[in-house]
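Inside the fold
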Amino acid sequence: MAVVFPILIILLTIAGMEVISWAMHKYLFHGPLWFIHKTHHQERHGFFELNDIFSLLFGLAAVGLMWFDKENRSYPFWIGAGISVYGIIYFIFHDWFIHNRFKAFKSRNKYLSGIRRAHKIHHKSTEKNPSEEFGLLVASKKYFKNTK
């Protein structure tokens, strides 16, 4: 039973991070923080882009929560762990698989193909608006139809 609590908190945090990151992406990154996020919609001229600052901030929040609660290992610690797991998922899906920051792995998986297609549609515009599909792990059903 002692293992169920941390796993549940981590899974709920991952789900919460998808909702939070969707809202931040739509309303902040494509809103008042566009001046930073636009570097992600432009051609990259090096390995890093200014937009990477957001990943660093999420990482600092995760480490801060785990550090703060390292003695007790109660819910703040496991929330930090969940944010960290979401960050790993983000790195694998977004930076590696979708944007090919490293040599991308190939996949014909229907889910992965749909996510990649939705993200490519999001990047179709290099402007703040119009834009669609702001999530990482969840996308509209239309992107999963007729994937090969």
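Residues numbered from 1 in each chain as written. Predicted model: local features only at pLDDT ≥ 70, side-chain atom pairs only at ≥ 80, totals over all residues. Heavy atoms only, no water.

1. Details of the packing of aromatic side chains
Which entries qualify depends on this criterion: Paired rings are identified among Phe, Tyr and Trp, the last through its six-membered ring, by centres lying within 6.5 Å, and are further divided according to the angle between planes into stacked (under 30 degrees), edge-to-face (over 60) and tilted (the rest). Segments assigned H or I by DSSP are reported as helices when at least four residues long, segments assigned E as strands when at least two residues long, and all are numbered from the N terminus. Each residue gets one of three labels from its accessible area relative to the maximum for its type: buried under 20%, exposed over 50%, partly exposed in between, using a 1.4 Å probe on protein chains only.
Under the criterion given, the structure shown has 6 aromatic pairs. Plain terms: the ring middles of W22 and F134 are 6.4 Å apart, the flat faces sit at 90° to each other, and that makes the pair edge-to-face. With W22 in helix α1 (residues 4–29) and F134 in the segment after α5 (110–122), this pair connects stretches of sequence that are 112 residues apart. The exposure class assigned to W22 is partly exposed, which follows from its relative accessible area of 34%. Taken together, a centroid distance of 4.0 Å and an interplanar angle of 20° make the contact between F29 and F54 stacked. Highlighted residues: F29 in helix α1 and F54 in helix α3 (residues 52–68), separated in sequence by 25 residues. Residue F29 shares its accessibility class with F54, and that shared class is buried.

2. Here we look at the environment of L65
To keep things clear, this is the line we draw: Residue contacts are counted whenever heavy atoms from the two residues lie within 4.5 Å of one another.
Structurally, L65 is set in helix α3. A sequence separation of 13 residues divides L65 from W78, and the C-alpha atoms of the two residues are 8.3 Å apart. With near-sequence residues (within four places) excluded, L65 lies in contact with P76, F77, I79, G80 and I83.

3. A short note on the packing of helix α4 (residues 75–98) against α5
Rules: Geometry is summarised by axes, namely lines fitted to C-alpha atoms with helices restricted to the contacting stretch, and by angles between N-to-C directions that run from 0 to 180 degrees. Relative orientations are named as follows: roughly parallel for angles under 35 degrees, roughly antiparallel for angles over 145 degrees, roughly perpendicular for angles from 65 to 115 degrees, and oblique for any other angle. Ten residue types, Ala, Val, Leu, Ile, Met, Phe, Trp, Tyr, Cys and Pro, are classed as nonpolar, four, Asp, Glu, Lys and Arg, as charged, and the remainder, Gly among them, as polar.
Where α4 contacts α5, the two axes come as close as 11 Å, and the packing angle between them is 70°. Between α4 and α5, the angle is such that the two are roughly perpendicular. Contact residues: F93, H94, F97 and I98 in α4; Y111, L112, I115, R116, H119 and K120 in α5. A class-by-class count of the residues in the contact of α4 with α5 yields 6 nonpolar, 2 polar and 2 charged.

4. Structural notes on unusual backbone geometry
The backbone phi angle of R73 is positive, close to 50°, even though this residue is not glycine. Along the chain, R73 falls in the loop between α3 and α4.

5. Looking at a nonpolar patch on the surface
Rule in force here: Here, patches come from residues exposed beyond 30% relative accessible area and free of salt bridges, joined within 9 Å for like charges and within 5 Å for nonpolar side chains (Val, Leu, Ile, Met, Phe, Trp, Tyr). Computed by Shrake-Rupley with a 1.4 Å probe, the accessible areas treat only the displayed protein chains as cover when residues are assessed. The working definition used for a salt bridge is a side-chain nitrogen of Lys or Arg within 4 Å of a carboxyl oxygen of Asp or Glu.
Where nonpolar side chains cluster on the molecular surface, the patch consists of F47, F48, I88, F91, I92 and F102 and spans about 580 Å² of accessible area. As for its position among the elements, F47 is in the loop between α2 (34–37) and α3. Take F47: its relative accessible area is 39%, and that puts it in the partly exposed class.

6. With respect to the side chain of N51
Assignment of secondary structure puts N51 in the loop between α2 and α3. Not counting the four nearest positions on each side in its chain, N51 is found in contact with I36, H37, T39 and H40.

7. Some thoughts on the packing of α3 against α4
Geometrically, a packed helix pair is captured by the angle between its two axes and the distance between the axes. Note the cut-off: Left-handed is the label given to a crossing in which the near helix is rotated counterclockwise from the far helix by less than a right angle, and right-handed is the label when the rotation is clockwise.
One can describe the packing of α3 onto α4 by two numbers: an axis separation of 7 Å at closest approach and a directional angle of 150°. Comparing the axis directions of α3 and α4 gives the class roughly antiparallel. Considering how the two elements wind past one another, α3 and α4 form a crossing that is left-handed. Across from S55, F58, A62, L65, M66 and F68 in α3, the residues of α4 making contact are P76, F77, I79, G80, A81, I83, S84 and Y90.

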